[in-house]
Amino acid sequence: MTAAVLRSAPRPMLRPGAPPAAVATLPATYVHPGQIVVTNGPGVLSTILGSCVAVCLHDAHLGLGGLNHYLLPSGGSEAGQPGRYGPSAIDELVHLMVARGASRDQMVAYVVGGASVLAAFKEADHLGLRNVGVARGALAQHRIPVIGADVGGTRGRKLLFTPRDGSVHVQLIGS
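Residues numbered from 1 in each chain as written. Predicted model: local features only at pLDDT ≥ 70, side-chain atom pairs only at ≥ 80, totals over all residues. Heavy atoms only, no water.

Trainee: Which residues make up a nonpolar patch on the surface, and what values go with them?
Mentor: A surface patch of nonpolar side chains, amounting to about 220 Å² of accessible area, comprises Tyr-30, Ile-48 and Ile-173. Tracing the backbone shows Ile-173 in strand 10 (residues 167-173). Residue Ile-173 is classed as partly exposed on the basis of its relative accessible area of 31%. (Patch = residues over 30% accessible without salt bridge, like charges linked within 9 Å, V, L, I, M, F, W, Y side chains within 5 Å. Areas by Shrake-Rupley, 256 points an atom, 1.4 Å probe, with all protein chains shown as cover. Salt bridge = Lys/Arg side-chain N within 4 Å of Asp/Glu carboxyl O. Helix = DSSP H or I, 4+ residues; strand = E, 2+ residues; numbered from the N terminus. Buried < 20%, exposed > 50% of the residue type's maximum accessible area, 1.4 Å probe, protein only.)

Trainee: I'd like a description of the sheet that holds strand 8 (residues 146-151), backed by residues and values.
Mentor: Pairing within the open sheet is mixed, and its five strands lie in the order 3-6-5-7-8. The open sheet has two edge strands, strand 3 (36-39) and strand 8, and neither has a second partner. Sheet twist, expressed as the mean angle between neighbouring strand axes with direction ignored, is 10°. Strands in contact with helix 2 (residues 86-99) are strand 3, strand 5 (53-59), strand 6 (64-70) and strand 7 (107-113); relative to strand 6, the strand with the most contacts, it is inclined by about 165°. Those strands touched by helix 3 (residues 127-141) are strand 5, strand 6, strand 7 and strand 8, and its axis lies near 25° from that of strand 5. (Pairing = 2+ DSSP bridges. Axes fitted to C-alpha atoms, helices over the stretch in contact; angles between N-to-C directions. Contact = heavy atoms within 4.5 Å.)

Trainee: Give a description of the environment of Asn-68 that names residues and reports values.
Mentor: Among the structural elements, Asn-68 can be located in strand 6. Take Asn-68: its relative accessible area is 0%, and that puts it in the buried class. As a C-alpha pair, Asn-68 and Val-53 span 15 residues in sequence and 8.0 Å in three-dimensional space. Discounting chain neighbours no more than four positions away, the residues touching Asn-68 are Gln-35, Ile-36, Val-53, Ala-54, Val-55, Ala-89, Ile-90 and Leu-93. In terms of polar contacts, Asn-68 uses its side chain to reach the backbone carbonyl oxygen of Ala-89, at 3.2 Å. (Polar contact = N/O pair within 3.5 Å; in protein donor to acceptor, adjacent residues only side chain to side chain.)

Spelled out as structure tokens, the structure:
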């Protein structure tokens, strides 16, 4: 009989609106489109998203977190720019987390972004929703559960992710 690995059921920590002052005053590292950052440092990772998607991974046992910010669901030279395209950006984020000691059995994910921010691109399967679909599919392949998501809509988002405790604050931007 094989022992099952039990994942502790973390409480989703995705919070809409402006972050509390304690989070807003932490040192921030801005994650640019195409970047991937993994850290257990004391600050926050921040980014601004429109149709792009960010995946936040967290391993609570290590107080380790990572964030990517990808632009496109696929295409181009993923080998040359893994952070720009969903599948390779997520694979690289998982790889970097594991390299820092994270366990796939302990990681949880949040998916943020994927808006349709341009009036000209209001089709049902717009770029943002395709980006979200890639995130969900890639995380399922890695067997990492998505415990929180703030996706879709027509407005951009400001994201603050605290890698040590896994909290995610999302504020809508634009009108």
